[in-house]
Each structure stands twice: as structure tokens, then as C-alpha cells.
Amino acid sequence: MIGPGTGVAPFRGFVQERTAIGASGRNWLIFGARHQRSQFLYQLEWQAALKAGQLQRLDLAFSRDSAEPVYVQQRLIEQGRDVYAWLEAGAHLYVCGATAMGRSVHAALRDIVIEHGGRDAEAADEYLSELQRSGCYARDVY
Amino acid sequence: MNEVLSPVETLKRGSRGLRGTLRESLGDAITGGLRESDTQLLKFHGSYQQDDRDLRDERRRQKLEPAYSFMIRTRLPGGVATPAQWLALDALAARYGNGGLRLTTRQAFQIHGILKHDLKPTIAAINQTLIDTIAACGDVNRNVMVSANPVESRAHAEVQACAQALSEHLLPQSRAYHEIWLDEQAVIGADASEPVYGPTYLPRKFKIGFAITPINDVDVFSQDLGFIAIIEQGELVGFNLLVGGGMGVTHGDARTYPRLADELGFIRKDQLITVATAVLTTQRDHGNRSDRKLSRLKYTIDRLGLDVFKRALEALVGESLPPPRAYRFDHTGDRFGWVEGFDGRWHYTLRIESGRVRDTDTVRLLSGLRAIARVHRGDFRLTPNQNVIVANVDANERALIDVLLDDHGLAHALHGAAIRRFALACVALPTCGLAMAEAERYLPTILDRMDALLSRYGLHDEPIVFRISGCPNGCSRPYLAEIALVGKAPGRYNLMLGADFQGRRLNRLHRENIDEAAILTELDVLFARFASDREAGEHFGDFVVRVGIVRAPQFIVAKLSV
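Note that the structure is predicted; figures quoted are calculated from it, not measured.

A short note on the overall build of chain B
Here comes step 1: In terms of helices and strands, chain B carries 17 helices and 20 strands.
Here comes step 2: The C-alpha radius of gyration computed for chain B amounts to 23 Å, which stays within 12% of the reference 24 Å derived for 562 residues, consistent with globular compactness.
Here comes step 3: Once the C-alpha set of chain B is aligned to its principal axes, its extents read approximately 70 × 55 × 55 Å.
Here comes step 4: Sequence-distant contacts, at least 24 apart, represent 67% of the contacts inside chain B between residues at least 6 apart.
Here comes step 5: Looking at chain B as shown, the accessible area adds up to about 21,300 Å², and 50% of this sits on carbon and sulfur atoms.
Here comes step 6: Positive and negative charge centroids in chain B, built from 70 and 69 side chains respectively, lie 4 Å apart.

Below you can see the structure in the form of C-alpha cells.
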């Protein structure tokens, strides 16, 4: 689940739903905003979810809290090997949020498939298109 | 003592020289705070985790954690800072803090409002100005205090040097600080042990103060370990040794109480480090490590008995202590305005209410002191009364300082009601986690209201020591005030009366848990009586004791005053 800013909204429901139905799969959220202190939406809930094991991984990117801005796509790249492994294992990847962010995330995913999937650019595009066709890669960008 | 150790003891022992998991905590972006255990260890590094208590409810409703931030406190023996250091701290406060500086009742700088991800850059930057924050908080020796601007300046420099040497001798040796904040490479076995502190440091905080007569601004009788500089014919010959002072109290726990230090004897200059270390290590070995409310040296002494303590100390020192020498204290306050030093240089003491250096529309302390720091060629001295001295000004530069003071609305800071002159307030809300009531934010209001009452009885110019604390820990040393308010609940205080003007007598509880209306009603009655029944030149604190408004306090210390 990649949902910086208001894009995190549906993922709150996803995690609550999966908890409620006792889903066994793992959950990984990547969230970003400008400032950790004031814009970490639903922070208390994410802290609780992590602690309770309802969320297994949480990565954060607060772009204006450091000298060098850092965005969600960087977090993806940093953990590219695991991202690719999750995709290969059948994970569903959801992106929600600003259109521009959606484009940056898509480019990052492409790079990840190239580097960790050992594919060239064209094959990487096809890989991602296949994921979208099969419903394993869904986007709600606005 | 076979009781269960306090959990903090286990934490210290297992912390690998105060490292804990600070690095991990600092890097964890899910929270703006540290893991609980690391918040305890952080204190030894000179910082407290805080949160904005005004925002707690609102943030909880917003599903956000408390608005965490960090306070950093400097280690600054005697409160002496260069203009370059002042400017650097001012810039850091603007960049990383919530703007403005605080000057504490222990002569240190505090910067508040630092976010977790800025903590390391701020501490690193402070160290680059040759100030550190080591042991400014925690179960260690704290900032060593020295009388800020005594009359005998020649001896002052020597006492200041003694204080600095002692501060350094009692620093923790762990390289944790340098590794975590200053990127020093870890060297295996570099700090295998703490020669003075041992693996669990002290049972509690430890406070040292040097008083240079005739001014007891450091409140030497409130210190765990006090030294009264004995000066004969302008020469520092040694110190009277005082042990066992302490302010902290817990409401409703009669086992806790403020205590004045006992005078044990006289020591020579060359004995200072040995004696100080002996007192500290005796407290290290015998202090209560089960109940932190009873850990301070004052309780250790009362439990062991003063004679036993003294004998143990003399055994460690290797000789018995001759009796204390005679000295005199006039008051605990600062002398505002210009004072000439022994060498023809000048010192200007500027009153800073609650030690809060910031700009308002009319009084621009922050930019004024910044402007002064840019041209000043002497130094700054933070006073134990939360004020600052622009020190060592050449006679021909006085005019320039005066112009800058005037430009920033600071020239009249010393004027006004006498009740303001000695007033101290701790920070309390919104950042202090221990505050039960307001202190700093309430001081201007309560001073105005007290002045209105005093003026009614012609007492506008009457010097009275008034202090307010947001909780009974007493960081503004309220138990040594002629009138004190000690916070108990929002808007409610214990009213304490009857300390003396030289800081040699504790006050007593007069009214418990009262609100402002009751405080003012009571003070009105007392001021009226004082105006009509006082003896000539009698201080308010002495008056309330003499006429029996408060019982003679239990801990009067017999003095050998000249």
C-alpha cells in the first residue's frame, strides 16, 4: 500500500478489514507527507497496528523534515529487493494519491523490476502491465 | 539495603555506558519521541523529551501522538559564555528550536522545541562552539554554579577556575555522547568503566554550587554540595564545605522535605577535588537506589546521621576537617544595572523575567542581546536568578552598550516594583511533563497583582523574595523564598512563607491548595500587618516568623556570620 498524504485513506480501511476477517497475509504500508509532526495521518492507529501485528512493515518519507527531501518512491527503491520479492509472491500493490506521485512510483517500480527482476525496460513495462491486468497492481490517483 | 532496586538502576546498568538504543530511537520515523528507556538515558546527554501539553487532547482527537519535542541544556560552569557562543546558541534556537533562549536557575542555557530529527545536528552544532551538554541532566553531577558577579572579582576568577576543573573531573567518561552525537568512531574498550560514577552512576541528581561572599545568589544551602569561598585580604584561602541541601518534595509524602546543607568544616583549595569526589562517591555508595523519591544526598545524610557521614568523609579524605570559617551573606539576588569591577571594567546585569530571552513588542531581549553580542568584547554571565550579566565591558564601550539597551527597550528593565527584582519562576507549562500548575506563564500576572496589593500599603519598593514553581520539585528553589507558590493542581498552589533574605532559612507551608483569589486575600492581610507592625528595616520573611504567622522553621542553620 503506497499512500502518501490523503492517499492513505483507503488503506486505513484495508488494514481494518483484513484484521476483521482474520486475513493471514502480510501488510506493508508506505506513507509520506511533508512534516512528520503535523501530517502523519492516523499516526496513533498505525503505531497500534504495527504493535499489534496487523501491519508488518511501515515505511515513512517526510519530505520537508530533512535537508534533502525524501519521497515514497525512494523508500520503494531502498527496499527494491523486498518489493520485487513480495510481487513475485503474489502481493497486491495499491497506489493512492496525487497523480504526479503515481507517475513517480510507477517509474520506481519499473526500475525495481529491471534491477531485481533482471529484465530490460520493455519486459519490465510488460511485467507491470500484466500486474495491472490481473488486478495485482491498482491505482487511484487524482 | 536489600530492597528491590528501582527500574532505572537496571536500565543504567544495562545501557552499555548510556548508549541504550538511542541510535535506533533517533532513526525511527514512526514516532517523534524515543523509546521509554532511551528517554531516561537521554537525560545524561543533556536533553529531555517533552511534549506540548496544551495540545494533548486535540492531538489525540486527531489521532496524532503527543507533540513531542526536545529540550537541550548546556553544561556551562558558572554560566560563563563568550559572545560567539551566545550568537551561536541564538542562531541554533532560531533554526532548530522554537526561537528564543531560556536561562536557567542553574546558570545554563536551554533551547526548547527541537524535533527529534534535529536533535543530533543541534547537539553537534553546540559542541562546535566548545560548549557541551554532557550531564546537564540525569543521575550525575549537574551544572556547577558559581556566584555570578561578586565584589571580589580577583578571587572570582580563581573560584571560576576551580568550578570548571571540578565540573570536568566529575564528567562521565563514557564515549557514548561522542559516538551518538559527534560521529566519533567507537573504540572497543575505550570506556570500560566510569572511574568516579561506576556502572550505575548516582542514585539521583547531584548539585554543586560555589558561593562568593557577600552574595548567596547560588543559594549555597540548597545545593547537595556547597562551597563558600573564604577570601582573606583579597586571596582565596579555601572553602567552607556544605553538604546535604536539596529542594525536591513530593506532595503528600511526609518522608520528603526540603533541606538546608550542613556546614561540615573548612577545606583548603588543594583539597577541593578530593573532598568533592569523596562526598559524591559516598552518596554513590550509600544513596537509596530503591525509592527515587528518597535518593538525594539529603536523605542519605539524615539516614546515616551527620556525624557518621562526616567521619566517613574524613576517612576518605585522609584528614579531619577544621571548623568552618566566618563569612557574611547580604542577599541572594542580582545587582541590576552597571557595577564597576575591581579592575576598572564594567558589568551590566539585565533582568530577564523567568530567564526567558525573547522579543515582545516593547521589550526586545532576544534581538537586543544579539546586537550586544555582536559588538561585545567581554563575556556573558548567566546568573542563578535567571538573569544575564554583560560582563567585562571596557569603560569606553559602556556608552555603546547603553545605546543598544535603549534601542531595544531594555534600559528600563530594572525599574518597576521591587517584588519583580528577585522573582524566580520555573518553566512549567506547556513543556514540562511534571508541572501541576503554571509558573513562568503566570508570573507576570501574579507579580502585577502582588504589586497592586503591596502598593496599597506603601510597599512598592520593598524587596521581597518571591518564587513560583509548577510542582513541588522546586526547580525555582521556592523553599528558600520569603513568599512562594508551589503548584498543586491547575490554578491551585501551596502558599509558603518565611524564608529569609540571605537564603539561610527554609519557609513553611502557610495555606494549602488555594486559588488565586484566596492567595491574594491572604497576602492582602499579611501585607497590611507587615506595613503596620514591622520593625525598622525588617524583611517580610523575618517578620512573619517573628510575629508567629508561621512557626519558626525546623531547619534553621546556625551561622557563623561576621
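Resuming the write-up.
Re the overall build of chain A
Here comes step 1: The secondary structure content of chain A amounts to 7 helices and 4 strands.
Here comes step 2: Going from the N terminus to the C terminus, chain A shows its helices and strands as α-β-α-α-β-α-α-β-α-α-β.
Here comes step 3: For 142 residues, the compact-globule estimate of 2.2 N^0.38 gives 14 Å, and chain A sits close to it at 15 Å.
Here comes step 4: By principal-axis analysis of the C-alpha atoms, chain A measures approximately 40 × 40 × 25 Å.
Here comes step 5: The buried share of chain A, taken over its 142 residues, is 40%.
Here comes step 6: Restricting the contact set of chain A to residue pairs at least 6 apart, pairs at least 24 apart contribute 70%.
Here comes step 7: As displayed, chain A has an accessible area near 7,300 Å², and 50% of this comes from carbon and sulfur atoms.
Here comes step 8: In chain A, which carries 15 positive and 16 negative side-chain charges, the distance between the mean positions of the two groups comes to 7 Å.

Some points on the interface of chain A and chain B
Here comes step 1: At the junction of the two partners, chain A supplies 16 residues and chain B supplies 14 residues.
Here comes step 2: Between chain A and chain B lies a buried interface of about 1,200 Å² when both sides are counted; carbon and sulfur atoms form 56% of it.
Here comes step 3: Across the chain A-chain B interface, the total number found is 1 salt bridge.
Here comes step 4: Note that B:Lys63 is salt-bridged to A:Glu45, the shortest N-O span being 3.5 Å.
Here comes step 5: Those elements giving two or more residues to the side of chain A that touches chain B turn out to be helix 2 (36-39), helix 3 (43-52) and strand 2 (57-62) of chain A.
Here comes step 6: Tallying contributions element by element places helix 3 of chain A first for the side of chain A that touches chain B, with 6 residues.

Points about the packing of helix 7 (residues 153-169) of chain B against helix 9 (residues 272-286) of chain B
Residue and element names in this part refer to chain B.
Here comes step 1: Put simply, helix 7 and helix 9 touch, their axes get as near as 10 Å, and they point 45 degrees apart. Between helix 7 and helix 9, the angle is such that the two are oblique. In terms of crossing hand, the pair formed by helix 7 and helix 9 is right-handed. In this structure, helix 7 contributes Cys162, Ala165, Leu166 and His169 to the contact, and helix 9 contributes Leu272, Ile273, Ala276 and Thr277.
Here comes step 2: Here the contact of helix 7 with helix 9 is built from residues that sort into 6 nonpolar, 2 polar and no charged.

Notes on helix 7 (residues 121-133) of chain A
Residues that lie three or four places apart on an α-helix share one face, since the helix turns once every 3.6 residues.
Residues and elements named next belong to chain A.
Here comes step 1: Taking 1.5 Å as the rise per residue, helix 7 with 13 residues should run 18 Å; its terminal C-alpha atoms sit 18 Å apart, in good agreement.
Here comes step 2: Among all positions in helix 7, only Ala124, Tyr127, Leu128 and Leu131 are buried. Projected onto a plane normal to the axis of helix 7, the buried residues spread over an arc of 90 degrees and lie on a single side. Along helix 7, the residues that are exposed and aim more than 90 degrees away from the buried face are Glu122 and Arg133.
Here comes step 3: The elements touched by buried residues of helix 7 are helix 5 (80-88), helix 6 (99-117) and strand 4 (137-141).

Some words on the environment of B:Gly246
Residue and element names in this part refer to chain B.
Here comes step 1: Looking at the element boundaries, Gly246 is found in the loop between strand 9 (235-243) and strand 10 (262-268).
Here comes step 2: The class of Gly246 is buried, set by a relative accessible area of 0%.
Here comes step 3: Taking the C-alpha atoms as reference points, Gly246 and Phe206, separated by 40 residues in sequence, lie 9.2 Å from one another.

Here we look at the packing of aromatic side chains
Here comes step 1: A full pass over the atoms with the stated rule returns 23 aromatic pairs over all chains.
Here comes step 2: On the basis of an interplanar angle of 85 degrees and a centroid distance of 4.9 Å, the ring pair of A:Phe14 and A:Tyr94 is categorised as edge-to-face. Of this pair, A:Phe14 sits in helix 1 (residues 9-20) while A:Tyr94 sits in strand 3 (residues 93-97); the two residues are 80 residues apart in sequence, bridging distant segments of the chain.
Here comes step 3: Here A:Phe14 falls in the partly exposed class, since its relative accessible area comes to 30%.
Here comes step 4: A ring pair is formed by B:Phe530 and B:Phe540, whose centres lie 5.2 Å apart and whose planes are at 85 degrees; its orientation type is edge-to-face.

Brief notes about unusual backbone geometry
Residues and elements named next belong to chain B.
Here comes step 1: Following Thr213, the chain continues to Pro214 via a peptide bond in cis, the omega torsion being 5 degrees.
Here comes step 2: Looking at where Pro214 falls in the secondary structure, it is placed in the loop between strand 7 (208-212) and strand 8 (225-232).
Here comes step 3: Note that the residue after Leu429, namely Pro430, is joined by a cis bond; omega there is 10 degrees.
Here comes step 4: Note that Pro430 resides in the loop between strand 16 (424-425) and helix 15 (443-456).

So, the pairing of strand 9 of chain B
Residue and element names in this part refer to chain B.
Here comes step 1: A large share of strand 9 lies buried, amounting to 7 of its 9 residues.
Here comes step 2: Note that strand 8 and strand 9 share 8 bridges and pair antiparallel. If you follow Ile231 over to strand 9, its bridge partner there is Leu236.
Here comes step 3: Counted along the chain from strand 8 to the antiparallel partner strand 9, the turn is 2 residues long, and its residue Gln233 has a positive phi close to 50 degrees.
Here comes step 4: Here strand 9 pairs with strand 10 via 6 bridges, running antiparallel. The residue bridging Phe239 from the neighbouring strand is Ile267, located in strand 10.

Thoughts on the sheet that holds strand 3 (residues 80-81) of chain B
Residues and elements named next belong to chain B.
Here comes step 1: Ordered in space as 3-14-15-12-11, the 5 strands form an open sheet in which the pairing is antiparallel. Sheet topology places strand 3 and strand 11 (337-340) at the edges, where each strand pairs with a single neighbour.
Here comes step 2: The pairing of strand 3 with strand 14 (residues 379-382) spans 2 bridges and is antiparallel. Bridging from a neighbouring strand, Ala81 pairs with Phe380 of strand 14.

Some remarks on the nonpolar core
Residues and elements named next belong to chain B.
Here comes step 1: With 92 residues, the main nonpolar core has Trp86, Phe210, Phe227, Phe239 and Leu241 as its most contacted residues.
Here comes step 2: Among all residues touching Phe239, those that are not within four sequence positions of it are Val159, Cys162, Phe210, Phe227, Ile228, Ala229, Ile230, Gly265, Phe266, Ile267, Lys269 and Leu272.
Here comes step 3: Formed by 39 residues, the second largest nonpolar core is a distinct cluster that contains Ala417, Leu459, Leu497 and Ile519.

Description of the sheet that holds strand 4 (residues 101-103) of chain B
Residues and elements named next belong to chain B.
Here comes step 1: The sheet built from 5 strands is open, its strands ordered 1-2-5-4-13 with antiparallel pairing. Two strands bound the open sheet, and with one partner strand each, they are strand 1 (47-51) and strand 13 (356-357).
Here comes step 2: Here strand 4 runs beside strand 5 (residues 109-114); their pairing, made up of 2 bridges, is antiparallel. Bridge pairing in strand 5 places Leu103 opposite Phe109.
Here comes step 3: The sheet contacts of helix 3 (residues 36-44) involve strand 1 and strand 2 (68-73), and relative to strand 1 the element is tilted by about 135 degrees.
Here comes step 4: Lying on the sheet, helix 6 (residues 116-128) is in contact with strand 1, strand 2 and strand 5; it crosses strand 2 at an angle near 10 degrees.

About the thresholds
Residues numbered from 1 in each chain as written. Chains lettered and ligands numbered in written order. Predicted model: local features only at pLDDT ≥ 70, side-chain atom pairs only at ≥ 80, totals over all residues. Heavy atoms only, no water. Helix = DSSP H or I, 4+ residues; strand = E, 2+ residues; numbered from the N terminus. Rg over C-alpha atoms; globule rule 2.2 N^0.38 Å. Contact = heavy atoms within 4.5 Å. Areas by Shrake-Rupley, 256 points an atom, 1.4 Å probe, with all protein chains shown as cover. Lys, Arg positive; Asp, Glu negative; His and termini not counted. Charge placed at Lys NZ, Arg CZ, Asp CG, Glu CD. Buried < 20%, exposed > 50% of the residue type's maximum accessible area, 1.4 Å probe, protein only. Buried area = accessible area lost by both parts, 1.4 Å probe. Salt bridge = Lys/Arg side-chain N within 4 Å of Asp/Glu carboxyl O. Axes fitted to C-alpha atoms, helices over the stretch in contact; angles between N-to-C directions. Parallel < 35°, antiparallel > 145°, perpendicular 65-115°, else oblique. Left-handed = near helix turned anticlockwise from the far one by under 90°. Nonpolar A, V, L, I, M, F, W, Y, C, P; charged D, E, K, R; others polar. Expected span 1.5 Å × (residues − 1). Arc of directions from axis to C-beta. Phe/Tyr/Trp six-rings, centres within 6.5 Å; stacked < 30°, edge-to-face > 60°. Pairing = 2+ DSSP bridges. Core = buried A, V, L, I, M, F, W, Y, C linked by side-chain atoms within 4.5 Å.

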